[in-house]
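What follows is the residue order along each chain.
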Amino acid sequence: MQTITLGVSPLRSSRLAYGCWRVTGTWDPREISPESWNAGKLAIRTAYEAGYTLFDNADIYCGGEAERLLGEVLRETPGMRERVVIATKCGIRPAHTPQPGLPQRYDFSAEHILRSVEGSLKRLGIETIDLLLLHRPDYLADPAEVAEAFSRLQQDGKVRWFGLSNCRPTLVTALQCACPMPFIVHQVEISLLRQDALTDGTLDQCLIEHITPQAWSPLAGGLLADGASRLLRWQQQYQPHTVLDELDSLARQYETTRGVIALAWLLRHPAGIVPVVGSTKPDRIREATRATEIRLTRDEWYRLLVAARGEPLP
């Protein structure tokens, strides 16, 4: 698979990343079965064998079990750790933790970041996280405190590089001004059905600051492929018939699938978007790599944009 440099770092990533949020087959650790655990391991191994070299995780995915599962595959696969970039995220604290009655909240305090990294390292079974992202914007974030935590983690050799996820551009700037190390990745939701990053300044900032954008849910939870197994709230009343027709037309032209074309649409952007593929089905994991072989024309790219908007450009 083609590769790309992440931001201004020396880290190289495959043009598609593999997202581990679904690998356990459930969000509840109590519901994990031996069958779902093994299916998750197969999905990760399939991605690795297909050329994915960035594996994205988070401390909240199935209560940390997704990190533990990835760590097991790393231990069982000779040479894998040395060939891949391990990314994980922290900053979301689930409801009722550590005490009953507490709300879900976001936490960029130094104490929480440091404690979260220790837990992730233990579950992953590694000495250093290649890329740590803050998961969702903490409205009480103190940039100086984030800088303190990041500096300590880097000095201690526990994290190599840092980035953000789902942050507004102004918060990215506020945090970057305080942190001595550059942010190399900003992971946000981007797809034909979720175009905010095109208009809210996110991708513009990535171009200016040489930050690599990563797109989570690049197929809109499956709506842009063969359907969604679980719809997000904003998707529940969305009927993307027009854009699916355009995707199917281009898929016939390129002799591929609509999902591959939807990924190619993201890859075409000059900011160097890295879509995070989250399927656990081996055939779809392998199929997605075909998107890296397709470069849509400017006209094709805009045809899809207009179809997804449902109205002409202003």
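Presented here is an overview of the structure given in this document. As the structure is a prediction and not an experimental result, all values here were calculated from the model.

**Re the side chain of Ser9**
Thought 1: Residue placement: Ser9 occurs in the loop between strand S1 (3–5) and strand S2 (12–14).
Thought 2: Classification of Ser9 by relative accessible area gives buried; the value is 5%.
Thought 3: Within the structure, Ser9 has its side chain in polar contact with the backbone oxygen of Leu6 (distance 2.7 Å).
Thought 4: A distance of 3.1 Å separates the side chain of Ser9 from the backbone nitrogen of Leu11, its partner in a polar contact.
Thought 5: Each residue touching Ser9, except ones within four places of it in the same chain, is listed here: Trp161 and Ile184.

**Details of helix H4 (residues 110–124)**
Thought 1: If you check H4, its first and last C-alpha atoms are 21 Å apart, about what 15 residues at 1.5 Å a residue would give, namely 21 Å.
Thought 2: Buried residues dominate H4, accounting for 11 of its 15 residues.
Thought 3: Residues of H4 that are buried: Ala110, His112, Ile113, Leu114, Ser116, Val117, Gly119, Ser120, Leu121, Arg123 and Leu124.
Thought 4: Buried-residue contacts for H4 involve helix H2 (65–76), strand S5 (85–90), strand S6 (92–93), strand S8 (129–134), helix H5 (143–155) and strand S9 (159–165).
Thought 5: Once H4 ends, the next one or two residues include Gly125, with phi positive near 70 degrees.

Reading guide: rules and limits
Residues numbered from 1 in each chain as written. Predicted model: local features only at pLDDT ≥ 70, side-chain atom pairs only at ≥ 80, totals over all residues. Heavy atoms only, no water. Helix = DSSP H or I, 4+ residues; strand = E, 2+ residues; numbered from the N terminus. Buried < 20%, exposed > 50% of the residue type's maximum accessible area, 1.4 Å probe, protein only. Polar contact = N/O pair within 3.5 Å; in protein donor to acceptor, adjacent residues only side chain to side chain. Contact = heavy atoms within 4.5 Å. Expected span 1.5 Å × (residues − 1).

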